[in-house]
Amino acid sequence: MDLLTANDRIGEYPGSFYAGVTEHLAPFPPAEGGIICDVCIVGGGFTGLSSALHLAQRGYNVRLVEAQRVGFGASGRNGGQVGQGQRLEQDELEEMVGPDHARELWRIGMQSVELVRELAASEEINTPFHPGIAHADHRERYVEHSRKYVDHLREHYGYEHVRFLDRDEMREQVRSDAYFGGTLDTRSGHINPLAFALGLARKAVSAGAVIHERSRVTWLDQGSKPVVTTETARITADHVILACNGYLGDLQGDVANRVMPINNYIVATESLGPDGQEKLIRDNIAVADSRFVVNYFRFSDDHRLLFGGTESYDWKFPADIGAMVRRPMTQIFPQLANVRIDQAWGGTLGITMNRMPHYASYGGNILSMSGFSGHGVAMGTLSGQIAAEMISGQAERFDIMARVPSPRFPGGVRLRRPLLVLAMLWYSLRDRI
């Protein structure tokens, strides 16, 4: 048993809200026989599909292999939030890497959102982008930092699309007594992530990329000409891109030591109608709160609350996801105690020790970009564009990301999971204090 099959069937999308409302693509054929190409991409999520698109647009012969279906993993089941900047806030990054490097990371983070907005509006993708994300403080002591952070972004980064919300303004925006203030970013937003991923696949194929589904990689030979082996094919390429995020397994040991899979869960309620939506969240914005294990939520286009929260670290998802997620949902919105949950699903994402993406180059011809830590809609998509630049000889943005420290998990692959469980118990306790 492994993460690709522990909770899902081969070749089938999970029973998520997105899978039920999004028009699926016809299956792509598995890779077969001996194949030679310029670039072989492993993984059909945002990073892999964006890499395929941007490389094909540059004229490269591209093959993408996906073990399941494109958009099958976290890319097709996440909360759909497209946030500015990086996973860490700029003041934290300034302490970690210094102000100059932090400024470069902010620029890249802004470019990631603009790329998603641009692609979502393109003819092949045509996925609505709804503006606005509120970051809600669940402890009163965090509110002053939110106020100062807005001032910091405006003064030092010239970012005018974010404003501070005091307690009354937050409760006017998000009808809950759980929050004491926060921020509202009107340049960030939310989308249907599966529709966006499938649109990326259509656009990549139109540009000339070749996609293979149900083509699980069983071995990677590194060398001057890397060889990617699947159950039915042997692909020789000049370059390989590892875009597996939480589903890497043991394909590349150094990445596995720095990027760890965890599971997160979402529910979709019955439709609450336009009036019911406005009574919970105004102006169709998305919300993410200040807990270490973040609660995040927004409304679908048919007025269902999509509420995400809670994590687990075993391969298997819990038996009753709906009951598990209902608990934090009703803590924030007690008025939903009797609302019907129509769908509940889980997904696996990749996290890093410091919650910043892990970028690495191995042997000059194998690139890995993963560990987006819940910030992958924007940064995963941009990472594909950055990979195409890197292979084309433009390394500036890749190097900016690769210079961010990426520590190994203590204990390596064998011990990282139990040690993380202990750490998360501590952070969960801290969230309650």
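One structure accompanies this document, and this report is about it.

About the cut-offs
- Residues numbered from 1 in each chain as written.
- Predicted model: local features only at pLDDT ≥ 70, side-chain atom pairs only at ≥ 80, totals over all residues.
- Heavy atoms only, no water.
- Helix = DSSP H or I, 4+ residues; strand = E, 2+ residues; numbered from the N terminus.
- Axes fitted to C-alpha atoms, helices over the stretch in contact; angles between N-to-C directions.
- Parallel < 35°, antiparallel > 145°, perpendicular 65-115°, else oblique.
- Contact = heavy atoms within 4.5 Å.
- Nonpolar A, V, L, I, M, F, W, Y, C, P; charged D, E, K, R; others polar.
- Buried < 20%, exposed > 50% of the residue type's maximum accessible area, 1.4 Å probe, protein only.
- Pairing = 2+ DSSP bridges.
- Phe/Tyr/Trp six-rings, centres within 6.5 Å; stacked < 30°, edge-to-face > 60°.
- Lys NZ or Arg CZ within 6 Å of the ring centre and 35° of its normal.

**Observations concerning unusual backbone geometry**
- Although it is not a glycine, Asn245 sits at a positive phi angle of roughly 50 degrees.
- Mapped onto the elements of the fold, Asn245 is located in the loop between β10 (233–242) and α8 (253–258).
- The backbone phi angle of His303 is positive, close to 70 degrees, even though this residue is not glycine.
- Considering the arrangement of structural elements, one finds His303 in the loop between β13 (296–299) and β14 (304–312).

**Details of the packing of helix α3 (residues 90–97) against helix α5 (residues 143–157)**
- Close contact between α3 and α5 brings their axes to 10 Å; oriented N to C, the two are set at 70 degrees. Taken together, α3 and α5 sit at an angle that is classed as roughly perpendicular. Counting all contacts with α3, which are made through Gln90, Asp91 and Glu94, the residues of α5 involved are His145, Tyr149, His152, Leu153 and Tyr157.
- Partitioned by chemical class, the residues of the contact of α3 with α5 number 3 nonpolar, 3 polar and 2 charged.

**Here we look at the environment of Gly48**
- Within the secondary structure, Gly48 sits in helix α2 (residues 46–57).
- In this structure the C-alpha to C-alpha distance between Gly48 and Ser122, which are 74 residues apart in sequence, comes to 19 Å.
- Setting aside residues up to four positions removed in sequence, Gly48 forms contacts with Ile41, Gly43, Leu64 and Ala243.

**Topic: the side chain of Thr230**
- Position of Thr230 relative to the elements: it lies in strand β9 (residues 227–230).
- Residue Thr230 is classed as buried on the basis of its relative accessible area of 5%.
- Not counting the four nearest positions on each side in its chain, Thr230 is found in contact with Ala31, Ser215, Arg216, Val217 and Thr218.

**So, the pairing of strand β4 (residues 130–136)**
- With 5 of its 7 residues buried, β4 lies for the most part within the structure.
- When β4 meets strand β12 (residues 286–289), the two strands line up parallel, connected through 4 bridges. For His135, the partnering residue across the bridge sits in β12 and is Ala288.

**Things to note about the packing of aromatic side chains**
- According to the stated counting rule, one finds 10 aromatic pairs in the structure shown.
- With a centroid separation of 5.5 Å and an interplanar angle of 90 degrees, the aromatic rings of Tyr265 and Phe317 are classed as edge-to-face. With a gap of 52 residues between them, Tyr265 in strand β11 (residues 260–271) and Phe317 in the loop between β14 and α10 (321–332) connect regions that are remote in the sequence.
- Among the residues examined, Tyr265 registers a relative accessible area of 0% and is labelled buried.
- For Phe317, a relative accessible area of 16% corresponds to the buried category.
- Put simply, the rings of Phe17, Tyr18 and Trp345 pair up and form one aromatic cluster.
- Here the guanidinium or amino end of Arg103 rests over the ring plane of Tyr157, the centre of that ring lying 4.8 Å away.
- The ring of Phe180 carries the charged tip of Arg171 above its face, separated from the ring centre by 5.8 Å.

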